[in-house]
Amino acid sequence: MCGRFALVTEKKILEMLFEIEFTEEIAARYNIAPSEMLPALYRCPRGKTGLLHLRWGLIPSWAGERFGSSGLINVRAETVAHKFRGAFRERRVLIPASGFYEWRKEGKNKQPYFIRRRDGQPFAFGGLYEKARAELQIPKSCAIITTAANSLIRTVHHRMPLIIPEEHYPLWLDGAAPLVTLRTMLQPYPAGALELYPVSARVNNPAFDHPDCLRKEER
């Protein structure tokens, strides 16, 4: 799964990565947690890439009042095209990140790890979003797609977030992309391109949003 992540990079790097000019600053975030607002890239009706601010916790379009206010932070790659067919066809997004956290049970405790690209560059999760529903007081919301873990992440957890390769960004956002092609993209990111290391248990507290979240813990 993916329940926490970080986005710490310069705005100009994100602009180059996504080929978009941001009209606002993207604040450094070291411990993004569910229910918080996060930036996401989508394809505007006129074909350009645009920026959305979405609450992390997808409320599906078919959900009623009893669905719950927290929503779904993750949806599975194996079933996303069926269970969320409308959003998968029309409302795919790229969610920028510098890395994400996962926890491994070690004895009686759970040790958090930070996972990032080996080259330290930002990347993007593949996700879905839903439009706001004023009648239920539901804002625009999103979820991150997850896949089976690659060999590196499997040492910590059996699932990992879907990371979209940079060369596939235009296709992922393309509303006319064939579904059969999109399904081939629902694969684990190569293990050799990632690294992980232990971090402080202070990251367990979602209110702790500090550079120390990313600091390697000596063991």
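Higher on the page you've got the structure.
Calculation notes
Residues numbered from 1 in each chain as written. Predicted model: local features only at pLDDT ≥ 70, side-chain atom pairs only at ≥ 80, totals over all residues. Heavy atoms only, no water. Helix = DSSP H or I, 4+ residues; strand = E, 2+ residues; numbered from the N terminus. Buried < 20%, exposed > 50% of the residue type's maximum accessible area, 1.4 Å probe, protein only. Phe/Tyr/Trp six-rings, centres within 6.5 Å; stacked < 30°, edge-to-face > 60°.

A.B. asks: Would you explain unusual backbone geometry in this entry?
C.D. replies: Negative phi is the rule for most residues except glycine; trans is the rule for most peptide bonds. Residues other than glycine seldom take positive phi values, yet Glu19 does so here, at roughly 55°. Counting through the fold element by element, Glu19 comes out in the loop between α1 (11–18) and β2 (29–32). Even without being glycine, Ser35 reaches a positive phi, approximately 85°. Mapped onto the elements of the fold, Ser35 is located in the loop between β2 and β3 (37–43). With relative accessibility at 52%, the residue Ser35 sits in the exposed group.

A.B. asks: Is there a simple way to explain the packing of aromatic side chains in this structure?
C.D. replies: The description of an aromatic ring pair uses the distance of the two centres, along with the angle that the planes make with each other. In this structure the tally under the stated criterion is 10 aromatic pairs. Pairing Phe18 with Tyr169 gives two aromatic rings, centres 5.3 Å apart and planes at 20°, and the pair type is stacked. You can see Phe18 sitting in helix α1 and its partner Tyr169 sitting in helix α4 (residues 169–173), a full 151 residues away along the chain. You'll find Phe18 and Tyr169 in the same group, each marked buried. When the centroid spacing of 6.1 Å and the interplanar angle of 65° are considered together, the rings of Phe100 and Phe125 count as edge-to-face. Residue Phe100 is located in strand β7 (residues 99–106), and its partner Phe125 is located in strand β9 (residues 123–130); the two are separated by 25 residues in the primary sequence. Summarising the burial analysis for this pair, Phe100 and Phe125 share the class buried. Cluster of aromatic residues (ring-pair linked, three or more members): Phe5, Trp56, Phe100, Phe123 and Phe125.

Just distances and angles here, no functional claims.
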